[in-house]
Amino acid sequence: MTNDKIRRIQQQQQSWQENTLDKRVEKYQLPESPTRFYTPLDIKDHDFSKKVGFPGEYPYTSGNNPFDFWKAFADGAAKSDYRPDWGGAGGVGKYGGFGTAEDYRDYLIRMHGMGRRGGPNMAFDLATQCGFDSDSLYAEGEVGRVGVAIDSFRDFATIYEPYTGDLEIDKVPSNFTINAPAAIIIAMYATLAEKRGIALHLLRGTPQNDILKEFIARGTYIFPPGPSLRLFRDTCVFCTRHLPNLNINSMGGYHIREAGATQVQDLAFSMANAAAYLQAGIDGGLEVDQFAPRFTFNAFGGSMEFYKEIALQRAARRIYARMLKEEFGAQHPKSMMIRQPITAHIGCSSTTLQRPLNNLARSVIGGMAAGMSGGMPGAYPPYDEPLGLGHSQEAVQLQIDATRVMIYEAKIADVNDPWAGSYFMESLTDETEEQVLAELNKIDSMGGAVAAIENGYMQQTIARSAYERQKRVERQQDFVVGVNCFTGDKEMSIDINRQVEATYDPELMKTAETRQKQKLETLRRERDGKTVVSLLSTLKSHAKDPDRNLMPDFCDCVKNNVTLQEICDVLRDLFGEYQQVK
């Protein structure tokens, strides 16, 4: 834009402010205008090619692809009985897991009988996530409660009993939502393939394997950050060399945001963690382009701030692409792309228990933001998310239909990055990027993500933000319809019938812990105890060498029925257990 044009717009803006805007602000006795208007002045130095580019090309601000794969089949899906919650053969099924391995296996068999033939998408119970066997005192009362209990390879193999023939593990992927002991679960997956005579390079799926966010958000960590990152390094190298079609991790700011982080903290902390993982792979002897294409993110963001969530996704893609190219020297385009199943969304914490049907409107707003920021316009989550574990069939149907309406009727996905070139959105994207990079620089000055966890910076920052967010709601600085505003006697709460699928059998849950302990007793009686002792001794010796990759040891252990806790206890003795900074 020429200097003459800039001066002309500046003059017009000053005249507008004095003669139109200020007079209206004065008329209503406001301290300032409640809205903002953007002009070319807000992006006067904007370079479209450098900052935006075209969909599918660096820096990926407008999206990873000219169109996503699902768009190519959208018309065919509309004419079929396609339901994305069912999980078809070739993909993963619905996220779940409960009780013993036998309980979860039988659930999967029932799902297959209903046409839901996706691969296991496993939730693990807290004992497993924290590296304890079901007969540990620390596991008491938690066995099989929030996921399936996996104490040994026998449990893992039991889950896969229905997966044979056209559902063999080289034909369907698997997801493992676990972090601290992720390396051991990956070893079980590789061992299962070996025992079935399946080449490891054919295995597909995604372990979450994002241990750094556990320290700052979820809390299912075991070892300190340094040794934990060493285990990530070992999985990264092992997967790259032996399981090249398995995603290495599923990072993301979603958990960080749900823990209370601001939008900027969400993205900055996620990028800092990603940088630590990338460096770990390089420290393991890999070239960045060998493994970065197998990095994934689960999601960033999660709020009702429609415009900011769109800007966040655009800024995230640009920041990540530049980080990979300029800081890590990546050359392959796929190394520079953020791969994630969910883009913009409202986050489960934006749903309300009060007047829950309003959550459908909220999820549609999130879906609109997704469709306008390079993703599928999905109405996530179902409206009854805050009502308890298990979405009702009615809520899932409304969610699916809302997504269909956005795609097929509103045609939200027909245009890539409709905000590209907008004075407002480009300015907001630049502002978001600037704030995120400032936060990233602060973390870098501390020594990176691990140092910022060890000194408590990330955890304490999120805690403060969570507190401030709640106080804003309580003070009515932020409005939540039906919670802190529009709550008078004349308001109506609308209820509809809810049918929740019988997934978790209460009777099975009552006996899960006892049955799991009995299986452990049998396993310990039947296995070769001398081999177990020998393997654990070897593991301890190898773990003392920080340059040694422990994945072969984990594979040897699980093949010989060494339990999850027995492996983790050896590492606990050497690495210690992490204690949060107070």
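Keep in mind it's a predicted model, so treat the numbers as computed, not measured. (Residues numbered from 1 in each chain as written. Predicted model: local features only at pLDDT ≥ 70, side-chain atom pairs only at ≥ 80, totals over all residues. Heavy atoms only, no water.)

**Structural notes on the side chain of Asn249**
Selection criterion: A run of H or I in DSSP counts as a helix once it spans at least four residues, and a run of E counts as a strand once it spans at least two, with each numbered from the N terminus. Any two residues whose heavy atoms approach within 4.5 Å at even a single point are treated as in contact.
Topologically, Asn249 is positioned in strand β4 (residues 249–251). Once residues within four sequence positions are removed from consideration, Asn249 is found in contact with Thr206, Pro207, Gln208, Asn209, Phe232, Tyr277, Arg294, Phe295 and Thr296.

**A closer look at a nonpolar patch on the surface**
The line we're drawing: Like-charged residues are merged into a patch within 9 Å and nonpolar side chains (Val, Leu, Ile, Met, Phe, Trp, Tyr) within 5 Å, provided each residue has over 30% relative accessible area and no salt bridge. Calculation of accessible area relied on Shrake-Rupley with a 1.4 Å probe; when residues are assessed, cover is drawn exclusively from the protein chains displayed. Should a side-chain nitrogen of Lys or Arg be within 4 Å of a carboxyl oxygen of Asp or Glu, the pair is scored as a salt bridge. Type-normalised accessible area, obtained with a 1.4 Å probe on protein chains alone, sets the label of each residue: buried when under 20%, exposed when over 50%, and partly exposed for intermediate values.
Nonpolar side chains collect at one region of the surface, where Leu398, Met492, Ile494 and Ile496 lie side by side and expose about 370 Å² of accessible area between them. By secondary structure assignment, the location of Leu398 is in helix α16 (residues 393–409). Judged by relative accessible area, which is 32%, Leu398 ranks as partly exposed.

**Here's the deal with the environment of Leu324**
Checked against the element boundaries, Leu324 lands in helix α14 (residues 306–327). For Leu324, a relative accessible area of 0% puts it in the buried group. With 32 residues separating them in the primary sequence, Leu324 and Ala292 have C-alpha atoms 8.6 Å apart. Non-local contacts of Leu324, meaning those with residues more than four positions away in its chain, are made with Leu278, Val288, Ala292, Gly329, Ala330, Ser335 and Met336.

**What about the packing of aromatic side chains?**
Selection rule: The pairing test for Phe, Tyr and Trp rings, Trp by its six-membered ring, is centres within 6.5 Å, and the orientation test on the planes gives stacked under 30 degrees, edge-to-face over 60, and tilted for anything in between. Should the NZ of a Lys or the CZ of an Arg lie within 6 Å of a ring centre and within 35 degrees of the ring normal, that charge is described as sitting over the ring.
A full pass over the atoms with the stated rule returns 27 aromatic pairs. When the centroid spacing of 5.2 Å and the interplanar angle of 85 degrees are considered together, the rings of Phe297 and Tyr320 count as edge-to-face. Note that Phe297 is positioned in strand β5 (residues 295–297) and Tyr320 in helix α14, a separation of 23 residues in sequence. Judged by its relative accessible area of 1%, Phe297 falls in the buried class. Summarising the aromatic geometry, the rings of Phe306 and Tyr307 are spaced 5.4 Å apart at their centres and angled 75 degrees between planes, so their arrangement reads as edge-to-face. For Phe306, a relative accessible area of 21% gives the class partly exposed. One aromatic cluster is present, formed by Tyr38, Phe306, Tyr307, Trp419 and Phe424 through successive ring pairs. For the cation-ring pair, Lys325 lies above Tyr58, with the distance from its terminal atom to the ring centre recorded as 4.2 Å.

**Overview of the layout of surface pockets**
Here is the rule we go by: Think of a 1 Å grid over the protein atoms and nothing else: a 1.4 Å probe that fits but is trapped marks a cavity, an open set flanked by protein within 12 Å on at least five of seven lines marks a pocket, and residues with an atom within 4 Å of a point count as lining. Grid points are joined across faces, edges and corners, and a volume is the space filled by probe spheres set on the points. Under the convention adopted here, Pro, Cys and the residues Ala, Val, Leu, Ile, Met, Phe, Trp and Tyr are nonpolar, Asp, Glu, Lys and Arg are charged, and Gly plus all remaining residues are polar.
Size it by volume and the second largest pocket reaches roughly 1100 Å³. If you list the elements that add at least two residues to the lining of the second largest pocket, you get α11 (254–258), α12 (263–283), α17 (423–446) and α19 (457–474). Residue contributions to the lining of the second largest pocket peak at 7 residues, all from α19. For the lining of the second largest pocket, the residue count by class is 14 nonpolar, 14 polar and 10 charged.

**A short note on α14**
Here is the rule we go by: Working rule for helices: expected span equals 1.5 Å times residues minus one.
Its 22 residues give α14 an end-to-end C-alpha distance of 31 Å, which sits within 8% of 32 Å, the value for a rise of 1.5 Å per residue. Judged by how many residues are buried, α14 sits mostly within the fold: 16 of 22 residues are covered. Looking one or two residues past α14, Gly329 carries a phi angle of roughly 70 degrees, positive in sign.

**Digging into the nonpolar core**
In plain terms, the rule: To define a nonpolar core, start from buried Ala, Val, Leu, Ile, Met, Phe, Trp, Tyr and Cys residues and group those joined through side-chain atoms within 4.5 Å.
Phe156, Tyr160, Leu212, Met271, Phe295, Met458 and Phe554 are the most contacted members of the largest nonpolar core, which totals 115 residues. Grouped together as the second largest cluster of nonpolar side chains are 11 residues, Ala344, Ala369, Ala370 and Met425 included.

**Thoughts on the domain arrangement of the protein chain**
Spelled out, the test is: All the domain ranges listed were derived from an automatic or database domain assignment.
Taken domain by domain, the protein chain comprises domain 1 (3–37) and domain 2 (90–207 + 519–582). Computed over C-alpha atoms, the centres of domain 1 and domain 2 are 63 Å apart.

**Considerations on the sheet that holds strand β3 (residues 205–207)**
Two strands in a sheet stick together by hydrogen bonds in their backbones, pointing the same way (parallel) or opposite ways (antiparallel). Selection rule: DSSP calls a pair of strands paired once it identifies at least 2 bridges connecting them. Between the N-to-C directions of two axes lies an angle of 0 to 180 degrees, each axis being a line fitted to C-alpha atoms and, for a helix, fitted only over the stretch in contact.
The 3 strands lie next to each other as β1-β2-β3, forming an open sheet whose pairing is parallel. Only two strands of the sheet have a single neighbouring strand rather than two, namely β1 (121–123) and β3. Averaged over all neighbouring strand pairs, the angle between strand axes comes to 15 degrees, with direction disregarded. Pairing of β1 with strand β2 (residues 174–177), which is carried by 3 bridges, proceeds in the parallel orientation. Paired with Met122 across the bridge in β2 is Phe176.

**Considering the pattern of salt bridges**
Scanning all chains against the criterion turns up 39 salt bridges. Note that Lys519 and Glu102 form a salt bridge whose closest N and O atoms lie 2.8 Å from each other. With Lys519 in helix α20 (residues 506–526) and Glu102 in helix α5 (residues 101–113), this residue pair connects regions lying 417 residues apart in the sequence. According to the relative accessible area criterion, Lys519 is partly exposed, its value standing at 23%. The exposure class of Glu102 is partly exposed, given its relative accessible area of 22%. A salt bridge links Arg524 to Asp135; the shortest N-O distance between them is 2.6 Å. Linking Arg524 in helix α20 with Asp135 in the loop between α6 (126–129) and α7 (153–159), this pair joins segments that are 389 residues apart in sequence. A relative accessible area of 30% means that Arg524 is categorised as partly exposed. Given the relative accessible area of 34%, Asp135 is considered partly exposed. Overlapping salt bridges, with partners in common, bring together Lys51, Arg318, Arg322, Asp430 and Glu433 in one network.

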